[in-house]
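# Summary of structural features
Below are the chains, spelled out letter by letter.
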Amino acid sequence: MKLQRNGRSKALAIGAMALVSSLSLAACGSDNNNDTKASGGSSGGSSAAAINCGKAGTLLASGSTAQGNAMDVWKTNFGAACSGSTINYGGGGSGTGVQQFNQGKVQFAGSDSALKPAEVEDSKKVCTGGQGIDLPMVGGLISLIYNIDGVDNLVLDGPTAAKIFDSQITKWNDPAIVALNPGAKLPDADIQAFHRSDDSGTTENLTKYFAKTSGGAWSYPAAKAWAGKGGQSAKESAGVSAQVKQVKNSISYAELSYAQTNNLKSAAINTGAAKPVEATAANAANTFAKAKVAGTGSDLALTLDYATKDEGSYPLVLVTYEIVCDKGNKTDTLDTVKAFLTYAASDAGQKAIGDTGYVPLPKELTDKVNAIIPTLA
């Protein structure tokens, strides 16, 4: 079964992507008043753009593996442009990143879920006179990646996906899956589901989607730690993607970037709209365009509509936040932190990761991020 977006869906996708401004970064000087150049993306398809390097330094960061490929692009570009500056990003998952940030081990952390009140309180121990804040930086979508011979256009919905990942549905030719995929040659085979073994913001966003859309089929609270029954686990986004690539009749969840890197298929989602919504950056952009800021002050935590039924709006999205101190950052690395985050939130930085499977955030949102970065102290 081949899915096609109708004209209205295409129009929505074009309108949402128009929120991303013309992709150029205004030239500005480094600390020695000399502009430095870096390509806008690792693919080499973007024009060179000036990066304000700030004071040279080495930054330590860790956390979300969802943004791992984005960080690879950013740190390469920033390091190439800014002699003497190095970004060391350790990954480890969102839970690890928040923990290490609140222990003062890293200058910033990546997390696919906003800080909880208790985590904000803990951050005050390392953010002298301030606290940790959430700056949305990486837009992405969670693909339901699968490996089924002969099935190229799988469609799932919230209740069915939740039951698959909780071992309530165990065969690919289960009537619920067949009903969503008329004409597809679904095998009489056991489903092998994989989930994250580490505390993961991707898991939390997936389970938030289940909580909103499964009609009670997912009975656990949304959380970074996996709670569903059955299945097998693997570490980080790279790990679950590798398992699906190797194991027939398997399914898992990972960011679109990992699906593309591993040449994995992604299920379309039946949201209740006229057509199932494909896992594309354009469709995710439609959802991000309607995200609301829920944080206060300098905190830009977002509210995402996982239960959207709008045409062409892919519901399984996530945003990765860079977590920094609003006040109390280490003075010897603060300038480098500001310079790196300014590049990441710039039009050129967003375009660079957009070329590798991420979703450039709406300019209305990156403008808010760019207004806060200079105020970090």
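Throughout what follows, the structure given in this document is the object of discussion. All of these numbers come straight from a predicted model, not from anything done at the bench.

Turning our attention to the overall build of the protein. When helices and strands are tallied, the protein shows 13 helices and 15 strands. Scored against the burial criterion, the 377 residues of the protein give a buried share of 56%. Excluding contacts between residues fewer than 6 apart, the proportion of contacts in the protein whose partners are at least 24 apart in sequence is 75%. Accessible surface, the protein as shown: approximately 14700 Å² in total, 49% of it carbon and sulfur.

Let's shift gears to helix α13 (residues 363-372). Burial in α13 covers these residues: Leu365, Thr366, Val369 and Ile372. Each buried residue of α13 sits inside an arc of 115° when the element is viewed along its axis, so together they form one side. On its buried face, α13 sits against β6 (132-147), β13 (292-293), β14 (302-303), α11 (331-345) and α12 (347-354).

So, on to the packing of aromatic side chains. Counted under the stated rule, the structure contains eleven aromatic pairs. When the ring of Phe210 is compared with that of Trp218, the centres are 5.1 Å apart and the planes differ by 45°; the resulting orientation is tilted. Classification of Trp218 by relative accessible area gives buried; the value is 6%. The structure contains a cluster of three or more aromatic residues connected by ring pairs, namely Phe165, Tyr209, Phe210, Trp218, Tyr220, Trp226 and Tyr253.

Within α12, six of the eight residues are buried, leaving the element largely enclosed by the surrounding structure. Burial in α12 covers these residues: Asp347, Ala348, Gly349, Gln350, Ala352 and Ile353.

This paragraph deals with the nonpolar core. Nonpolar side chains in soluble globular proteins tend to be buried together. Among the nonpolar cores identified, the biggest contains 50 residues, and Leu144, Leu154, Phe165 and Ile251 are the most heavily contacted of them. Contributing elements (two or more residues each) for this core: β6, α5 (158-165), α7 (201-213), β10 (250-255), α10 (281-288) and β15 (317-325). When sequence neighbours within four positions are dropped, the list of residues in contact with Leu144 reads Leu156, Ala161, Phe165, Leu206, Ser252, Tyr253, Lys265, Ser266, Ala267, Ile269, Tyr314 and Leu316. Within the second largest apolar cluster, 35 residues are counted, among which are Ala61, Val138, Leu300 and Val337.

Applying the stated rule across the entire model yields two disulfides. One disulfide bridge connects Cys53 with Cys82, the sulfur atoms lying 2.1 Å from each other. Its S-S torsion of about -80° marks the bond between Cys53 and Cys82 as left-handed, since a negative value means left-handed. Taken together, the residues span a long stretch of sequence, with Cys53 in the loop between β2 (49-51) and β3 (58-63) and Cys82 in the loop between α2 (68-81) and β4 (86-92) at a distance of 29 residues.

Cut-offs used in this document
- Residues numbered from 1 in each chain as written.
- Predicted model: local features only at pLDDT ≥ 70, side-chain atom pairs only at ≥ 80, totals over all residues.
- Heavy atoms only, no water.
- Helix = DSSP H or I, 4+ residues; strand = E, 2+ residues; numbered from the N terminus.
- Buried < 20%, exposed > 50% of the residue type's maximum accessible area, 1.4 Å probe, protein only.
- Contact = heavy atoms within 4.5 Å.
- Areas by Shrake-Rupley, 256 points an atom, 1.4 Å probe, with all protein chains shown as cover.
- Arc of directions from axis to C-beta.
- Phe/Tyr/Trp six-rings, centres within 6.5 Å; stacked < 30°, edge-to-face > 60°.
- Core = buried A, V, L, I, M, F, W, Y, C linked by side-chain atoms within 4.5 Å.
- Disulfide = S-S within 2.5 Å.

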